[in-house]
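So you can see what is in the structure, the chains are spelled out below.
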Number of protein chains: 2
Amino acid sequence: MKPTDMAKEGTELTEETEHMIEKNGAKETENVLSAGDTKEMRAVILSGFGGLNKLRVTKKAMPEPQEGEVKIRVKACGLNFLDLMVRQGNIDNPPKTPLVPGFECSGIVEAMGENTKGFEIGDRVMAFVNYNAWAEVVCTPLDYVYNMPDDMTFPEAAAFSMNFVAAYMMLFEVANLREGMSVLVHSAGGGVGQAVAQLCSTIPSVTVFGTASSFKHEAIKDSVTHLFDRNADYVQEVKKISPEGVDIVLDCLSGENTGKGLGLLRPLGTYILYGSSSMVTGETKSFFSLAKSWWQVEKVNPIKLYEENKVIAGFSLLNLLFKQGRCGQVKTVVEKLFSLYNQKKIKPVVDSLWALEEVKEAMQRIHDRGNIGKLILDVEKSPTPLMASDSTETSEAGEEEEEHEGDSDNKERMPFIQ
Amino acid sequence: MKPTDMAKEGTELTEETEHMIEKNGAKETENVLSAGDTKEMRAVILSGFGGLNKLRVTKKAMPEPQEGEVKIRVKACGLNFLDLMVRQGNIDNPPKTPLVPGFECSGIVEAMGENTKGFEIGDRVMAFVNYNAWAEVVCTPLDYVYNMPDDMTFPEAAAFSMNFVAAYMMLFEVANLREGMSVLVHSAGGGVGQAVAQLCSTIPSVTVFGTASSFKHEAIKDSVTHLFDRNADYVQEVKKISPEGVDIVLDCLSGENTGKGLGLLRPLGTYILYGSSSMVTGETKSFFSLAKSWWQVEKVNPIKLYEENKVIAGFSLLNLLFKQGRCGQVKTVVEKLFSLYNQKKIKPVVDSLWALEEVKEAMQRIHDRGNIGKLILDVEKSPTPLMASDSTETSEAGEEEEEHEGDSDNKERMPFIQ
């Protein structure tokens, strides 16, 4: 099946998306093993939208930095729930395949284009990338690159960028978290959930309600105040403890949960939709075309917000960075977060490290909600045959694995950050 | 026409509203001139919902403080756009008439019920009241009463409470105003508009865009950065100066303006609906029954907020105080505001003082958008026959005046705070 058949949503592209694709396209070559004088690198390639069998590691031409870009020898990459949605084409205006997935990485500066003040070869950096992170080398504009704290490891940095920046901006810039407030976060064991819990602990007397699969409770119980099973009726559970609700609801689910979340807010409380993970089903139907019909039911009446003194917000870090040009604001946030890291008030939780070649197993783990904290692709790691027995089978199952994902009882409830 | 005929919305009352009415009812007596041993007071009475002719000043039994209540000898009362909507019955679940309007006043403590620590007879106080403010004496729970700064006059205090508390909470607790941000406020010459402008000036480098009738521009031009005529296309005007929009939109209009306001927001910007003044037309049709049909068109799709990184909020100070029990939070805000007042960073703008007997003329002035700053009912003031020539005619015109108000070209755009 050709990529264009899968990406039905891609036929009518916005100008922005065309720009993104052009940019990606410039770095892509269909003939990955090209002329001998071109340097090559290993990269994860998504050949088309679909199941795990669409992913493979291959060699392709190494990018060189353009003006204003920094070339990074990648050490570690973050794997987010969003990457599963990209794989399935379940995002708005998906780019063309083949592509190299990945939005964040850490590594060492290897070269710079012109006009890239502030960086030197050998710098240890953390970076956002608009795709292409899952490779040995990546180039990205200097606005998306940050010098890492000395004590921070590369896996920590790759676990840090999207999750902590998103958690910080939602809690402090959108919702205005202050002493004595309460927060509900879903998937408390995931990367964002753990970032939210840690950032809440930097403010006195903040109560954190979290949902997570029961088997994670023992591991994460110290990070939140109250933990509920992810299948429990969290509205009832929260109200048992706090009848008047909570001040902030962070919702990575979607559809039927907006009403629930708004209903749980105290007066002047803020509901933030920061992504949807109910949508990963293994089908390639666009998340947004599906979601929009759901949202018909869930549209919000401003007069109700007025009567009830409530706030509803949406948050998409990638849009903020790559479509809305708010790099300066994000840079300020990164600096504040590095300061908290240096004070040892926050520390990214790394669930596990995976070789590029193990990307299918890593994706299966996040799909199955097996992780506590962040999954990292460690570019220098060799595959570990021993631990991959089960998941290798899964990854080779191809379409069968997709059917498994399509089971409605297995709808995902893990967060993603876009 | 009986009040019950007018208040069509009142047939299905919520428990909360019934409570409010019961409370009001306890202080009302239809026989306003009752037995000789009951103390009497002057008060403005709204005999039924409708035009100015429904208002009169009469004597009625003086209330006595219940447990937890403070009895205040009223010196000055605030007149808000909301009071016009109450007069017309254009509020959700309107209470029964006859009633004494008014939600805020200042005066001197005359007596206290049991359990009213913190106040003494003779204290100069500012207070919120759930109706009944426009009288010589009012009783209200101590949670709604605040000792005034020594330098503050009674008219200033009556001009201060609703407008500054609402402006502060919207800017700093809902929207998180910070250095360098930009704010759009409609009716910049009104009580809330002037409070917003002054509070913005306490933060460095805040740009304030305001709309106001052109004849007010000379008087208020120093209080805001950019002023537009209220009939101008403010979206275009703002975008000429700031192509990427503003960080905060405060909207006292309604209906078609929500989309405009959201469209003007920069990423991470906040749109706040704090009331509607497009609805005062002289008809007694419920604001909310009318508004709800408008909002059908204007419901907000959360997925759009997510894609665009935007925030929408509703703010109703009266609901916060009288339905949602957030007196403690409001008290903290009042303390901060008094501190700013004592530092001479803010100062309520009083447009004009009116005797209780001049309430019709005062209402006509706010209806006609003649005011710059706040209209105050000065309880000890005698009517001024000289200046009342035109407006007395208007007030006596009764139904004719209502027709004037009903003219669709005369839709109101003044703020109210509920």
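Residues numbered from 1 in each chain as written. Chains lettered and ligands numbered in written order. Predicted model: local features only at pLDDT ≥ 70, side-chain atom pairs only at ≥ 80, totals over all residues. Heavy atoms only, no water.

Looking up chain A in an unreviewed UniProt entry gives the name Synaptic vesicle membrane protein VAT-1 homolog-like, with the organism given as Salmo salar. Recorded in UniProt for chain A, the comment headed Sequence similarities (unreviewed entry) runs: "Belongs to the zinc-containing alcohol dehydrogenase family. Quinone oxidoreductase subfamily." (UniProt positions renumbered as here; feature names shortened; annotations may be inferred.)

Asks: Would you mind going over the packing of helix H4 (residues 154–174) of chain A against helix H12 (residues 327–342) of chain A in detail, with residue names and values included?
Replies: Residues and elements named next belong to chain A. Remark: H4 packs on H12, axes separated minimally by 9 Å, with the N-to-C direction vectors making an angle of 110°. Comparing their axes, H12 and H4 come out roughly perpendicular. Contact with H4, carried on its side by Glu156, Phe160, Phe164, Val165, Tyr168, Met169 and Glu173, involves Gln329, Val330, Val333, Val334, Lys336, Leu337, Phe338 and Tyr341 of H12 and no other residues of that element. Class assignment for the residues of the contact of H4 with H12 results in 11 nonpolar, one polar and three charged. (Axes fitted to C-alpha atoms, helices over the stretch in contact; angles between N-to-C directions. Helix = DSSP H or I, 4+ residues; strand = E, 2+ residues; numbered from the N terminus. Parallel < 35°, antiparallel > 145°, perpendicular 65-115°, else oblique. Contact = heavy atoms within 4.5 Å. Nonpolar A, V, L, I, M, F, W, Y, C, P; charged D, E, K, R; others polar.)

Asks: Pulling in residues and values, what's your account of the relation of the copies chain B and chain A?
Replies: For the pair chain B and chain A, the best superposition has an RMSD of 0.0 Å and corresponds to a rotation of 180° with a translation of 0.0 Å parallel to the axis. Expressed as an axis order, the relation between the two copies is that of a two-fold axis. An overlap of 100% is found between the interface residues of chain B and their copies at the interface of chain A, pointing to a shared contact surface. (Least-squares fit on C-alpha atoms with pLDDT ≥ 70 in both.)

Asks: How would you summarise the pattern of salt bridges if you had to cite specific residues and measurements?
Replies: Scanning all chains against the criterion turns up 36 salt bridges over all chains. Linking Asp247 of chain A and Arg266 of chain A is a salt bridge whose minimum nitrogen-to-oxygen distance equals 3.5 Å. Of this pair, Asp247 of chain A sits in strand E11 (residues 246–251) while Arg266 of chain A sits in strand E12 (residues 265–273), placing them 19 residues apart in sequence. A relative accessible area of 17% means that Arg266 of chain A is categorised as buried. Here Lys221 of chain B and Asp222 of chain B are joined by a salt bridge, their closest N and O atoms 3.9 Å apart. Relative accessible area serves as the criterion here: at 39%, Lys221 of chain B is assigned to the partly exposed category. (Salt bridge = Lys/Arg side-chain N within 4 Å of Asp/Glu carboxyl O. Buried < 20%, exposed > 50% of the residue type's maximum accessible area, 1.4 Å probe, protein only.)

Asks: Give a description of the interface of chain B and chain A that names residues and reports values.
Replies: A common measure of how large an interface is: the accessible area buried when the components associate. Between chain B and chain A, the residue contacts involve 45 residues of the former and 45 residues of the latter. Summing both sides of the interface, chain B and chain A together bury roughly 3800 Å²; the carbon and sulfur share of this comes to 57%. The three residues of chain B that bury the most area against chain A are Leu268, Ile303 and Tyr306 of chain B, which together make up 19% of that side's buried surface. Our count for the chain B to chain A interface comes out at two salt bridges. Between chain B and chain A we count 16 residue pairs in polar contact (both at pLDDT 80 or more) in total. Tallied by class, the residues present in the side of chain B that touches chain A amount to 22 nonpolar, 11 polar and 12 charged. (Buried area = accessible area lost by both parts, 1.4 Å probe. Polar contact = N/O pair within 3.5 Å; in protein donor to acceptor, adjacent residues only side chain to side chain.)

Asks: Can you break down the side chain of Thr97 of chain A residue by residue, with the values?
Replies: Note on placement: Thr97 of chain A falls in the loop between helix H3 (81–88) and strand E4 (104–112). A polar contact is formed between the side chain of Thr97 of chain A and the backbone oxygen of Ser47 of chain A, at a distance of 3.5 Å.

Asks: Outline unusual backbone geometry, supporting the account with residue identities and numerical values.
Replies: Residue and element names in this part refer to chain A. In the segment running from Thr97 into Pro98, the intervening peptide bond is cis, with an omega of 0°. As for its placement among the helices and strands, Pro98 is situated in the loop between H3 and E4. For Lys344, which is not a glycine, the phi torsion comes out positive at approximately 60°. Considering the arrangement of structural elements, one finds Lys344 in the loop between H12 and strand E14 (350–354). Although it is not a glycine, Arg369 sits at a positive phi angle of roughly 60°. Tracing the backbone through its elements, the reader meets Arg369 in the loop between helix H13 (359–367) and strand E15 (374–378).

Asks: If you had to explain the confidence of the model for chain A to someone new, which residues and values would you point to?
Replies: For chain A, per-residue confidence averages 82 on the pLDDT scale, and residues scoring 70 or more make up 77% of the total. Across residues 1–35 of chain A, confidence stays below pLDDT 50; counting only partners more than four residues off in sequence or on other chains, it has 48 contacts. (pLDDT = per-residue confidence, 0-100.)

Asks: Break down helix H7 (residues 234–241) of chain B for me, citing the residues and quoting the values.
Replies: Residues and elements named next belong to chain B. All of the buried residues along H7 are Tyr234, Val235 and Val238. Take H7 and look down its axis: the buried residues cluster within an arc of 105°, on one side only. Looking at the buried positions of H7, the neighbouring elements they touch are strand E8 (182–185), strand E9 (207–212), strand E10 (226–229), strand E11 (246–251) and helix H8 (257–263). (Arc of directions from axis to C-beta.)

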